Amino acid sequence: MKSITSFLIVVALITMNFTTPDKTLTKAERQAATKILEETKADIIKKVTGLSAAQLNFKATPESWSVAECVEHIAISESNIFAFCQTSLKEPADPSKRSEVKFTDEAVVQMITDRSSKIKASEAFVPSGKFGTFEGSLMAFKQKRDDHINYVKTTTDDLRNHYVDLPFGKLDAYQIILFMAAHSKRHTDQIDEILSNANFPKK
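Residues numbered from 1 in each chain as written. Predicted model: local features only at pLDDT ≥ 70, side-chain atom pairs only at ≥ 80, totals over all residues. Heavy atoms only, no water.

As for helix α4 (residues 67-88)
With 22 residues, α4 ought to run about 32 Å at 1.5 Å a step, and its terminal C-alpha atoms sit 32 Å apart, in line with that. Taking the largest bend as the criterion, α4 deviates by roughly 25°, centred on S77. (Helix = DSSP H or I, 4+ residues; strand = E, 2+ residues; numbered from the N terminus. Expected span 1.5 Å × (residues − 1). Bend = angle between axes of the 7 residues up to and from the residue.)

Okay, here's the thing in structure tokens:
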């Protein structure tokens, strides 16, 4: 009996000293991120499927982007924005910086999808024919998005205590994923604007 009691005491001490709180995403966080990633992916695909070459390449003005360019931009951004998240994870987790994150998850999505303020894309995000064809751009987006959905469903990374500093403020790594999904929604709305243009080709 004494040896059993001693064993239990040792186990309790090990558990007390070495067990750390769970830092992985909650079930609700995984579901919320997965939902917006899947819904925005489906919306993009639905909007561009079946468009002709003339429709894909139509521009309202010489300076405007076409549907094809919007899709390429979304595909480029899918990789570049997610890279911000992954880069942040290379630094040590720092819960002391949580107070510097001023935006709620909902506010991040609302801010990025709001097209009332237009922002000029930096050179790294500008469409340049990187994927060769419209089909190549769409395929690149779908493959990356599927990878990111799987990541959100399975990751054990501490996304809430790693951060990215952006021009408008600090976001945590989880919010960067929401930013990425909201960004694709922003440009799907831009595609809607192109499709509704009075001069958009009928076929």
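Here's the deal with the packing of helix α6 (residues 134-154) against helix α7 (residues 173-195)
At a closest axis distance of 12 Å, the pairing of α6 and α7 adopts a crossing angle of 145°. Here α6 and α7 pass one another in a crossing that is left-handed. Residues R145, H148, Y151 and V152 of α6 lie in contact with α7, whose contacting residues are I177, M180, A181 and S184. Looking at side-chain class alone, the contact of α6 with α7 contains five nonpolar, two polar and one charged residues. (Axes fitted to C-alpha atoms, helices over the stretch in contact; angles between N-to-C directions. Left-handed = near helix turned anticlockwise from the far one by under 90°. Contact = heavy atoms within 4.5 Å. Nonpolar A, V, L, I, M, F, W, Y, C, P; charged D, E, K, R; others polar.)

With respect to the packing of helix α5 (residues 105-113) against α7
Between α5 and α7, the least distance of the axes is 8 Å, while the angle of their chain directions is 30°. Classified by the angle between their axes, α5 and α7 sit roughly parallel to one another. Between α5 and α7 lies a crossing whose hand is right-handed. Across the interface between the two elements, D105, V108, V109, M111, I112 and T113 from α5 touch Y174, Q175, L178, F179, A182, H183, K185, R186 and D189 from α7. Along the lines of polarity and charge, the residues of the contact of α5 with α7 split into eight nonpolar, three polar and four charged. (Parallel < 35°, antiparallel > 145°, perpendicular 65-115°, else oblique.)

Section: α6
Here α6 spans 30 Å end to end across 21 residues, near enough to the 30 Å set by a 1.5 Å rise per residue. Among all positions in α6, only F134, S137, L138, A140, F141, R145, H148, I149, Y151 and V152 are buried. One side of α6 holds all its buried residues, which, seen down the axis, span an arc of 165°. Turned more than 90 degrees from where α6 packs its buried face, E135 and T154 sit exposed. Buried residues along α6 sit against α2 (27-48), α3 (53-57), α4 and α7. (Buried < 20%, exposed > 50% of the residue type's maximum accessible area, 1.4 Å probe, protein only. Arc of directions from axis to C-beta.)

Let's talk about the nonpolar core
Counting residues in each nonpolar core, the largest one holds 26 residues, and the members touching the most others are L37, L159, I176, I177 and F179. Of all the elements in the fold, those that place two or more residues in this core are α2, α4, α5, α6, β1 (163-166) and α7. The leading source of residues in this core is α7, at nine residues. Residues in contact with L159, not counting those within four places in the same chain, are L25, C85, L89, Y151, D172, A173, Y174 and I177. Core analysis: the second largest hydrophobic core is formed by 18 residues, L56, A68, F134 and F141 among them. (Core = buried A, V, L, I, M, F, W, Y, C linked by side-chain atoms within 4.5 Å.)

Focus: the packing of aromatic side chains
This structure, assessed with the given rule, holds four aromatic pairs. A centroid spacing of 5.7 Å and a plane angle of 90° characterise the contact between F58 and F200, whose relative ring orientation is edge-to-face. Here F58, found in the loop between α3 and α4, pairs with F200, found in the segment after α7; they are 142 residues apart in sequence, far enough to count as distant. Taking relative accessible area as the criterion, F58 reaches 12% and is therefore assigned buried. Assessed through its relative accessible area of 11%, F200 is described here as buried. Summarising the aromatic geometry, the rings of F168 and F179 are spaced 6.3 Å apart at their centres and angled 10° between planes, so their arrangement reads as stacked. (Phe/Tyr/Trp six-rings, centres within 6.5 Å; stacked < 30°, edge-to-face > 60°.)

Some points on the pairing of strand β2 (residues 169-172)
Relative to β2, β1 is paired through four bridges, and the arrangement is antiparallel. Bridged to Y163 within β2 is D172. Linkage of β1 to β2, two consecutive antiparallel strands, is achieved through a turn of two residues. (Pairing = 2+ DSSP bridges.)

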